[in-house]
Amino acid sequence: VQLQAYGGGLVQAGGSLRLSCVASGGTFSNYAMGWFRQAPGKEREFVSTMVSWSGSTAYADSVKGRFTVSRDNAKNTVYLQMNSLKPEDTAVYYCAARTSRVTVISRRAAEYAYWGQGTLVTVSS
């Protein structure tokens, strides 16, 4: 499974961005997809996930109500719509795919076997 994330950039606080992650290889609809981020000098942290089949989602408390994850299985793509961005959202954002327990929510990076290269989001104040 190869993942390609894009859509990052520089945005002012209060603005919006939409990240996309395109998967190739395997059957995308069978994957649980996740978004994680890593700010400078900090550990990678969970942002959001959408499981396979049911489409259930979960969010980190810090982004709940501002970010929305979605997927288009026909396009092998998962999205992260980010609204009301804050400077503390500045980070490299990674998409990840999980091929086990795909109908269960997981916030643990260690459970995601495949990772994209990351896309940088910078929010200016």
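Residues numbered from 1 in each chain as written. Predicted model: local features only at pLDDT ≥ 70, side-chain atom pairs only at ≥ 80, totals over all residues. Heavy atoms only, no water.

Observations regarding the sheet that holds strand β7 (residues 67-72)
In step 1: If you walk across this open sheet you meet the four strands as β1-β3-β8-β7, and the pairing is antiparallel. Among the strands making up the open sheet, the edge pair consists of β1 (2-6) and β7. Recorded for the sheet is a direction-independent mean angle of 15 degrees between the axes of neighbouring strands.
In step 2: Inspection of the sheet shows strand β3 (residues 17-24) paired to strand β8 (residues 77-82) by six bridges, in the antiparallel sense. Along β8, the bridge assignment pairs L19 with L80. (Pairing = 2+ DSSP bridges. Helix = DSSP H or I, 4+ residues; strand = E, 2+ residues; numbered from the N terminus. Axes fitted to C-alpha atoms, helices over the stretch in contact; angles between N-to-C directions.)

Looking at unusual backbone geometry
In step 1: The phi torsion at N76 lies on the positive side, around 55 degrees, for a residue other than glycine.
In step 2: Its location among the elements puts N76 in the loop between β7 and β8.
In step 3: According to the relative accessible area criterion, N76 is partly exposed, its value standing at 29%.
In step 4: You will see that S84, though not glycine, has its phi angle at about 50 degrees, which is positive.
In step 5: With respect to the element layout, S84 can be found in the loop between β8 and β9 (91-98). (Buried < 20%, exposed > 50% of the residue type's maximum accessible area, 1.4 Å probe, protein only.)

Details of the pattern of salt bridges
In step 1: Scanning all chains against the criterion turns up six salt bridges.
In step 2: Salt-bridge contacts for D89 lead to R66; the nearest nitrogen and oxygen are separated by 2.7 Å. Within this pair, whereas D89 is found in the loop between β8 and β9, its partner R66 is found in the loop between β6 (57-59) and β7, the two being separated by 23 residues in sequence. Here D89 and R66 have matching classes, each one buried.
In step 3: Measuring nitrogen to oxygen at the nearest pair gives 3.0 Å for the salt bridge that ties E111 to R108.
In step 4: Counted as one network, the salt bridges with shared partners bring together R37, E45, R66 and D89. (Salt bridge = Lys/Arg side-chain N within 4 Å of Asp/Glu carboxyl O.)

Remarks on the side chain of S48
In step 1: Relative to the helices and strands, S48 is located in strand β5 (residues 45-50).
In step 2: You can call S48 buried: its relative accessible area is 0%.
In step 3: Of the polar contacts made by the side chain of S48, one reaches the backbone oxygen of A58; its length is 3.0 Å.
In step 4: Beyond its immediate chain neighbours, meaning those up to four positions away, S48 contacts M33, G34, W35, A58, Y59, V69 and L80. (Polar contact = N/O pair within 3.5 Å; in protein donor to acceptor, adjacent residues only side chain to side chain. Contact = heavy atoms within 4.5 Å.)

Description of the state of the cysteines
In step 1: One pass over the full model with this rule turns up one disulfide.
In step 2: The residue that forms a disulfide with C21 is C95, at a sulfur-sulfur distance of 2.0 Å. Between C21 and C95 the sulfur-sulfur dihedral comes to about 60 degrees; the bridge is accordingly right-handed. Taken together, the positions of C21 in strand β3 and C95 in strand β9 put the pair 74 residues apart, joining distant regions of the chain.
In step 3: Overall, C21 belongs to the buried group, its relative accessible area being 0%.
In step 4: Looking at C95, the relative accessible area reads 0%, which means it is buried. (Disulfide = S-S within 2.5 Å.)

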